Amino acid sequence: MSSVLYKNIDRQPSWAAGGEGAWLIDRDGRRYLDTCGGVAVSSLGHRHPRIVEAIERNARELSWAHAGSFTTAPAEELAELLVGLSGGLAQAQFLSGGSEAMELALKIAYQYHCERGEPERTVLISRRQSYHGSTLTTLAISGNKLRRSVFEPLLPPAEFVSPCYEYRDRGADETQQQYAQRLADELEAAILRVGPGRVAAFTAETVVGSTSGAVPAVPGYFRVVREVCRKYGVLLLLDEVMAGMGRTGHHFAYSEDGIVPDLVAVGKGMAAGYQPISAVLISDGIRHTLGSGSGVLQNGQTHVNHPLACAVALEVQRVILDDTLLPEVLSLGEQLRERLRARFAETPMVGDVRGRGLFVGVEFVADRASREPVAEPAALAAALKREGLARGLLLYPGYGTIDGERGAHVLFAPPFVTSPAEIEEMVGRFGDVLDACG
Ligand SMILES: Cc1ncc(COP(=O)(O)O)c(C=O)c1O
C-alpha cells in the first residue's frame, strides 16, 4: 500500500515520469497526448527550455523571503507586468493556489466595505453551476452541487443567480441581448431581495470551466451585469483561475467582454504548472480605500509573493508575450472547434461545441433536437477517461454539466505550444474514443 493519500483512496493513479511539449510520459514509457493541460494548467507543455533555465537561475539567487519583511524583484516585476496587462487594475498579490486567491479576493471585498463604513455588506452573490475553490467560503459560493456534497452543513450561506448558459437557457424567441438583460434583471432582483446595503460582491467565472465545460457569456452580458453591480455598490469579482492567463487568447478573459472588474483571481496557467502560484488583482478604488483607511491588508500567509514562484510565472508570461502565443491560441482554438464540429457533424451524442481560444467544451446529449441530457452521465465520463487513456489521450470529462446532476461534457484546454498536427491528432483519437463509448 502506498503512503500517499490519493483522491480515490484505494486506487493508485498512473505514474507520470516525464513530459515533452504536449505529451506526458508514464514510467513504462507510454506517451499520452494532453488535450487538457492536466486541468488547464500546462500552458507551455513540459521541459520548456526558457522555463527550466529560469528555475535554475532563480533558485541560485534566493530560495525564499518573507513578504512581511521583504519584497523581491520577481514579485515586483510580475505584478507590474500583470497590472499593465489588466486594462486598469492597480495592484496584485501572489498566493499558491486558486482557492486561496479567491478566498483572499472575498476577504479584500469585505474589508473594503468595512473600511467604507458598511460592515453589514456580508452577503456574496454567485452563479449556480460555478466552481470557485475548495476552501469552505469559496465552496460556499460555488453553485455546483456535486462539489459541495458532504460539506454542505459547514458552508456559510450565499445567494445564487442563474449562469449565462446560452445552449441550455436562452429562449428560442430571445436575442442574445434580451437574454443578457434578463440575467442582469435577475441579479438586480436578487440584490434588492437581499437588501442593496447588504451585498458585498457578485462573483462569476468569466468563462465557466470545469463544471459546465467552457461556457462563455453571451456578448454584452458582463456589460449589463457590471452596470447593475455599479448601481448598488456591489463589487464585481471575476474568477479567472481557469480562464485567465492566455487560455482564451487574451491575458485576461474579461477583456473580450469589454469590461474591467473590481477584483480578479488568476491561477492555474500563471506559471504553466512549473510552480504553484495564483494572484488577486484589485482596482485602484479598493487600493485607495484600504490604503487611506486602516492601511493594512488583513491577511497574511506564509507563501505570499513567493520569489521563485513569481520568477517562474514572470518567465512564463514573458514567453507568452515574446513568442506571440496568444494569436496562436486563437487560431489553434478555431482549428480545434472547427475540426470537432466537422468530425462530429453526424454524431448524435455531440450536442454542442463551444468556447474561446484553447478553452473548448463538448457537451453530450441523448438527443440533439430536444437537447435531452445523456442517460448516465457519470458512467459516460468514466468511460471517456478510460478509453482515452487506452488510446494515449489525456481527457478531462465532467458530468453534472447542467445542474450538478444532469449532463456530461469534455473540456479541452491543451498547451499553447500544441502544433496544428497535434490538434488534428487529438480530434482523431477523441473520435475513436467516442466511437468506443457511443
Ligand atoms: C474557476 C476556478 N476557480 C477556483 C479554482 C480553485 O483553484 P485551486 O484548485 O488551484 O485551488 C478552480 C480549480 O479548478 C477553478 O477552476
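Residues numbered from 1 in each chain as written. Predicted model: local features only at pLDDT ≥ 70, side-chain atom pairs only at ≥ 80, totals over all residues. Heavy atoms only, no water.

Engineer: Would you mind going over the packing of helix α8 (residues 176-194) against helix α9 (residues 221-231) in detail, with residue names and values included?
Structural biologist: Two elements in contact, α8 and α9, have axes whose closest approach is 8 Å; the angle formed by their N-to-C orientations is 20°. Between α8 and α9, the crossing angle belongs to the class labelled roughly parallel. Where α8 crosses over α9, the handedness of that crossing is right-handed. Listed contacts from α9 to Ala180, Gln181, Leu183, Ala184, Leu187, Glu188 and Ile191 of α8 are Tyr221, Val224, Val225, Val228, Cys229 and Lys231. Per-class residue counts for the contact of α8 with α9 are 10 nonpolar, one polar and two charged. (Axes fitted to C-alpha atoms, helices over the stretch in contact; angles between N-to-C directions. Helix = DSSP H or I, 4+ residues; strand = E, 2+ residues; numbered from the N terminus. Parallel < 35°, antiparallel > 145°, perpendicular 65-115°, else oblique. Left-handed = near helix turned anticlockwise from the far one by under 90°. Contact = heavy atoms within 4.5 Å. Nonpolar A, V, L, I, M, F, W, Y, C, P; charged D, E, K, R; others polar.)

Engineer: Can you tell me about the sheet that holds strand β2 (residues 23-26), naming the residues and giving the values?
Structural biologist: An order of β1-β2-β3-β16 is seen for the four strands of this open sheet, with the pairing classed as mixed. Edge positions in the open sheet fall to β1 (16-20) and β16 (393-394), since each of these has one partner strand only. Looking at chain direction, β1 and β2 are connected through four bridges and run antiparallel. Looking at the pairing, Gly19 lines up with Leu24 of β2. (Pairing = 2+ DSSP bridges.)

Engineer: Now, about the site of the ligand: what can you tell me, with residues and values included?
Structural biologist: Neighbouring the ligand are the residues Gly97, Gly98, Ser99, Tyr131, His132, Gly133, Glu205, Asp239, Val241, Met242 and Lys268. In this structure, Ser99 approaches the ligand through a side-chain N or O atom, which is 2.5 Å from an oxygen atom. Residue Asp239 places a side-chain N or O atom 2.7 Å away from a nitrogen atom belonging to the ligand. Protein coverage of the free-state accessible area of the ligand, which is 390 Å², stands at 83%. (Near = heavy atom within 4 Å. Polar contact = N/O pair within 3.5 Å; in protein donor to acceptor, adjacent residues only side chain to side chain. Areas by Shrake-Rupley, 256 points an atom, 1.4 Å probe, with all protein chains shown as cover.)

Engineer: Describe a nonpolar patch on the surface, and please don't skip the residues or the numbers.
Structural biologist: A contiguous nonpolar patch, built from Leu136, Val150, Phe151 and Leu154 and spanning about 390 Å² of accessible area, is present on the exposed surface. Secondary-structure assignment places Phe151 in the loop between α6 (145-148) and β6 (159-161). (Patch = residues over 30% accessible without salt bridge, like charges linked within 9 Å, V, L, I, M, F, W, Y side chains within 5 Å. Salt bridge = Lys/Arg side-chain N within 4 Å of Asp/Glu carboxyl O.)

Engineer: For the pattern of salt bridges, give the residues involved together with the corresponding values.
Structural biologist: For the coordinates displayed, the defined rule picks out 28 salt bridges. For Arg429, the salt bridge goes to Glu425, with nearest N and O atoms at 2.5 Å. Taken together, the residues span about one helical turn, with Arg429 and Glu425 both in helix α14 (residues 420-437) at a distance of four residues. Exposure remark for Glu425: the relative accessible area of 32% places this residue in the partly exposed category. It is possible to trace a salt-bridge network through shared partners that takes in Arg168, Asp352, Arg354 and Glu363. (Buried < 20%, exposed > 50% of the residue type's maximum accessible area, 1.4 Å probe, protein only.)

Engineer: How would you summarise unusual backbone geometry if you had to cite specific residues and measurements?
Structural biologist: Of note in this structure, Arg47 is not a glycine but carries a positive phi near 55°. Tracing the backbone through its elements, the reader meets Arg47 in the loop between α1 (37-40) and α2 (49-61). Notably, Thr324 is not glycine yet its phi reads approximately 40°, a positive angle. In this fold, Thr324 is placed in the loop between α11 (307-322) and α12 (325-343).

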